[in-house]
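Chain residues, written in single-letter form:
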Amino acid sequence: MSENRKTNPFAPFLSALGRALGMPALALLTAFIIGAIVILLTSGDLLAAPTAYWGLIRGALFKQRGLSESLVASIPYVLLSLGLSVGFKSGLFNIGVEGQFYIGALCAAWAGQITTGLPAIIHLPLALLAGAIGGAIWAGVPGYLKMRTGAHEVISTMMMNYVAFRLTEYVITDKLRDVNSTTIQTPSVSPAAELWTFAAIPQRLQDPLNALGVALVLALLTALVVRALADRPDWKAKLGARRGLAIGGSGLLAGLIAFVALPLLTNAWWPFTDAYDRLHTGLIMAVLAAVGVWWLMEKTTPGFELRTVGANPNAARYAGMNITRNVVLAMAISGGLAGLAGTIEVLGVSICRCLPLFFSSGYGFDSIAISLLARNDPFGILAASFLFGAMRNGADLMELSSGVSKYIISLIQALALLFVAAPAIVRWMYRMKAPAGEEKQAPLTRGWGG
Amino acid sequence: MDTSIRKDRLLSQKWLRTLINLGGVLLALVIAWELLNLVIGRQCDGKCITDTLSQMLRVATPIAFAAFCGVVCERAGVVDIGIEGKMLTAAMVAYAVNLFSYQWLQSMMEASAAGTLSRWLALLVGILAALLLALLHAVSSIRFKIDQIISGTVINILALGVTGYFYRQFLAENLPAGPGTFPKIVIPFLADIPVLGPILFRQQPLTYIMILLAFLLHYVLFYTPWGLRTRAVGEHPRAADTLGIDVLKMRYTNVLIGGLIAGLGGVWFTLEAVDVFNPMMTNGLGFIGLAAMIFGKWMPFGALIGALIFGLGNSLTTTVSIYRPDLPSQIPQMLPYLLTIAVLTGVVGRAAPPAADGQAYEKQ
């Protein structure tokens, strides 16, 4: 294992994970302790805080379908925080992810109901794409305005949030209202455009077209992984000129196996049998998105340009990079991910598979905390998103079992963010010494000047 | 000789700028007027106009306070996007204090005096609550040198949590009757001036305070040593430090004063606008205040004009919904936000913030 270290492609994540766990864990602990003190002071009951926290844990993990509901809640967090992190790394504070989330949901709800005739292999990608493009445009415009006219993205995306809320409200109540429903909502999307739950996968795969779609996705992913592995020095020497063949062949092989075997296998044995379990394939998309963002930002030329523009726009300009294009690109990726999050909520989570009028999310602001908590590291974001998703999901049972309002969660999250952003405060609290060489950190964000 | 010419040029430039600004405001008013007529078809008579303009001033009040808070902080080099959170907290605290102190004071004096006293008490405690959050922002961004945007975000999330928590625990149900909001103060004689009177001199106290504050801030920032120091600290803290100005102390002072001003904007929501509190009531006005500040190029009067433009957008929305109830209400409701974006992109162009805005200062 240790001799493999140099070439192990996962070494960067592991060491990052190790480094990340120290201070954030301490910060979280401190935040929970202060939260307990607040509960104690406001309720005057010594047992209130333990009851509340136990309720929180039970609600997040142990109640019926608790864990899968926590995962469901963390999926939008992952995508939104990834979007924010792309912005932060490019020197942009896309505070408007909430609005992009709404627009993504709106576009997906529209694209999902235009027809019922299309098969899932076309309709589902179409709906996902519609949501992502909607979000990308909603974020790209402020990016363009920033470069062309200097309108700061914090203000303009914030304003775009409110426009998005009103627009969504208008479209739901007026243009796209489902006239057959008593509640105010858009028509349900076509079953073909629904995002599959894990429980429904075996049944979905019985349709050969669906199996073909899954096979295509798997083939593509296999080819991408093989392509990445083929660039390692030892493999490169072995493969030589057969690199292309290896990539294409393995992809084709994986696709074929998936197409033939998956429907049979899932039909024979499948762990997700609970039909009411809402855990859906968006989870896979969220994890893939995290890997994709990491790949894009750390391993590709466009990602390098984005990071350079973020770290030092002047240097980037002298190096001949197109700042405007990069800023718009960063905003579009950021908004696209946020739009995808909204899309997934509509296609995979909402009970009616539609966009209801009372579609409040509140995911956006939490996601700012998540991406800052994770220091914009995609794999840290996965962990922090699960934490936030679990807290969000557990909050109801906490409120029910202890009478402590679930807003205490926001308080704890804000404190955790504060402590993570300022390790000096935590060190000062616990009388710890600053570790040498860790003090100087590049700022995550910049003021109006950028 | 040379200096007098330069002074002359400076003077003429200043005049020119004021003229251009005034012209811009007039143009905006005319455009808004024509747009309004386009929608509601010349139904707006004299009373409707003065009502709309008076409403504009009213709605502009919290935005202007938020913008002033931004001006005071950022002139000293501290970015503050936590204004929204401070306003929300001040709004909640003022509401609670107004309600409960009224219950307590009623037993001691007659109802109207108790109402007045509890409202002013609520105002005071409300802005002190905002001051507390400003202190957090100051300590974390000046002492601990956290990224100021992050610190502001922390304050926003924290405020959301704290106000929501207290609202759900104590303020959601079984509430006693409160003393209500500040009544309008009609200024004698001035209020009888046609057109201007009803707009400017029949307002609630915080609106008057806001207008006076604009003059005060302008004077203080540009005509007193404190203002000069503030600007020096915001533009070039190292140079200011060399000249013996205590950079950190100036920044602490300014952030705390900014907190008080943001608190005034916050108490507006529950002491002037409506007599209830709900957890999302600031509705982005703190951020809009920042837009007004950028629009006003970090000048108090500029910020005021920015706030008034946004207020106008808001009051026009109300007017439109009165005359055209058939229009879906969401479309005019988008107007103020679109207006803010348009203002940021079209009118201002590239605004230059204070040079050291957002940078922590490390003493050497």
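Above: the structure in question.
To keep things clear, this report deals only with the structure shown in the data block.

Each value, and the rule that gives it
Residues numbered from 1 in each chain as written. Chains lettered and ligands numbered in written order. Predicted model: local features only at pLDDT ≥ 70, side-chain atom pairs only at ≥ 80, totals over all residues. Heavy atoms only, no water. Helix = DSSP H or I, 4+ residues; strand = E, 2+ residues; numbered from the N terminus. Rg over C-alpha atoms; globule rule 2.2 N^0.38 Å. Buried < 20%, exposed > 50% of the residue type's maximum accessible area, 1.4 Å probe, protein only. Contact = heavy atoms within 4.5 Å. Phe/Tyr/Trp six-rings, centres within 6.5 Å; stacked < 30°, edge-to-face > 60°. Buried area = accessible area lost by both parts, 1.4 Å probe. Salt bridge = Lys/Arg side-chain N within 4 Å of Asp/Glu carboxyl O. 1 Å grid on protein atoms, 1.4 Å probe; cavity = no way out; pocket = protein on both sides within 12 Å on 5 of 7 lines; lining within 4 Å. Points joined across faces, edges and corners; volume = space filled by probe spheres on them. Axes fitted to C-alpha atoms, helices over the stretch in contact; angles between N-to-C directions. Parallel < 35°, antiparallel > 145°, perpendicular 65-115°, else oblique. Nonpolar A, V, L, I, M, F, W, Y, C, P; charged D, E, K, R; others polar. Disulfide = S-S within 2.5 Å. Polar contact = N/O pair within 3.5 Å; in protein donor to acceptor, adjacent residues only side chain to side chain. Expected span 1.5 Å × (residues − 1).

## Describing the overall build of chain B
- Summing up its helical and strand segments, chain B has 13 helices and two strands in all.
- For chain B, whose C-alpha radius of gyration is 21 Å, the value lies close to the compact-globule estimate of 21 Å for 364 residues.
- Among the 364 residues that make up chain B, the fraction classed as buried is 52%.
- Put simply, of all contacts in chain B between residues at least 6 apart along the chain, 77% involve residues at least 24 apart.

## A few points about the overall build of chain A
- When you go through chain A residue by residue, the secondary structure sums to 18 helices and zero strands.
- Its C-alpha atoms give chain A principal-axis dimensions of roughly 60 × 60 × 50 Å.
- Buried positions account for 51% of the 450 residues belonging to chain A.
- Considering only residue pairs separated by 6 or more positions, chain A has 77% of its internal contacts joining residues 24 or more positions apart.

## Details of the packing of aromatic side chains
- By the definition in use, this model includes 21 aromatic pairs over all chains.
- Measuring from centroid to centroid gives 5.8 Å for Phe101(A) and Tyr363(A), while their planes differ by 50°, and the two rings are tilted. Of this pair, Phe101(A) sits in helix α4 (residues 97–113) while Tyr363(A) sits in helix α15 (residues 363–373), placing them 262 residues apart in sequence.
- Pairwise contacts between aromatic rings join Tyr102(A), Tyr162(A), Phe165(A), Phe310(B) and Tyr337(B) into one cluster.

## Observations regarding the interface of chain A and chain B
- Across the contact, 54 residues belong to chain A and 49 residues belong to chain B.
- Between chain A and chain B, the buried area comes to about 4,500 Å², and carbon and sulfur atoms account for 77% of it.
- Along the contact surface separating chain A from chain B lie one salt bridge.
- Ionic pairing is found between Glu399(A) and Arg168(B), a salt bridge with its closest N-O pair at 2.4 Å.

## Focus on empty space enclosed by the protein
Residue and element names in this part refer to chain B.
- For the structure on display, the rule yields two cavities of 30 Å³ or more.
- Estimates place the volume of the largest cavity at around 90 Å³.
- Lining the largest cavity we find Ile288, Ala291, Ala292, Phe295, Gly306, Ile309, Phe310, Leu339, Thr340 and Val343.
- When residues of the lining of the largest cavity are traced back to their parent elements, those giving at least two are α11 (285–295), α12 (300–323) and α13 (330–347).

## Some words on unusual backbone geometry
Residues and elements named next belong to chain B.
- Phi at Lys145 takes a positive value of approximately 55°, unusual for a residue other than glycine.
- Turning to its location among the elements, Lys145 is positioned in the loop between α4 (111–143) and α5 (148–171).
- Given the relative accessible area of 34%, Lys145 is considered partly exposed.
- The backbone of Lys297 sits at a positive phi, close to 50°, despite the residue not being glycine.
- Residue placement: Lys297 occurs in the loop between α11 and α12.

## Considerations on the side chain of Thr281(A)
Residues and elements named next belong to chain A.
- The residue Thr281 is located in the loop between α10 (243–268) and α11 (282–299) in this model.
- With a relative accessible area of 14%, Thr281 lands in the buried category.
- Setting aside residues no more than four positions away along its own chain, Thr281 makes contact with Leu195, Trp196, Phe198 and Ile201.

## Re the packing of helix α3 (residues 66–89) of chain A against helix α14 (residues 323–349) of chain A
Residues and elements named next belong to chain A.
- Put simply, α3 and α14 touch, their axes get as near as 7 Å, and they point 170° apart. Taken together, the axis directions place α3 and α14 in an arrangement best described as roughly antiparallel. Between α3 and α14, the residues in contact are Val72, Ile75, Pro76, Leu79, Leu80, Leu82, Gly83, Leu84, Val86 and Gly87 and Ala330, Ile333, Ser334, Leu337, Ala338, Leu340, Ala341, Ile344, Glu345 and Val349, respectively.
- Taken together, the residues that form the contact of α3 with α14 break down as 16 nonpolar, three polar and one charged.

## Details of the state of the cysteines
- Counted by the stated rule, this structure contains one disulfide over all chains.
- Here Cys352(A) pairs with Cys354(A) through a disulfide, and the sulfurs are 2.1 Å apart. On the sign convention where negative is left-handed, the bridge of Cys352(A) and Cys354(A), at about -75° about the S-S bond, is left-handed.
- Assessed through its relative accessible area of 22%, Cys352(A) is described here as partly exposed.
- Note on Cys73(B): no disulfide assigned, nearest cysteine sulfur contributed by Cys69(B) at a separation of 4.2 Å.

## Focus: the side chain of Lys86(B)
Residues and elements named next belong to chain B.
- With respect to the helices and strands, the residue Lys86 is situated in helix α3 (residues 83–106).
- For Lys86, a relative accessible area of 0% gives the class buried.
- Only 2.3 Å separates the side chain of Lys86 from the side chain of Asp80, close enough to count as a polar contact.

## With respect to the pattern of salt bridges
Residue and element names in this part refer to chain A.
- Counted according to the given criterion, the structure contains 11 salt bridges over all chains.
- As a salt-bridge pair, Arg204 and Glu194 come within 3.5 Å of each other at their nearest N and O atoms. Of this pair, Arg204 sits in helix α7 (residues 201–205) while Glu194 is found in the loop between α6 (153–175) and α7, placing the two residues 10 residues apart along the sequence.
- The salt bridge involving Glu298 is made with Arg307; its shortest N-O contact spans 4.0 Å.
- According to the relative accessible area criterion, Glu298 is partly exposed, its value standing at 34%.

## Overview of α4(A)
- Look at α4(A): 24 Å from first C-alpha to last across 17 residues, which is about the 24 Å you get at 1.5 Å a residue.
- Counting buried residues along α4(A), 14 of its 17 residues qualify, which places the element largely inside the surrounding structure.

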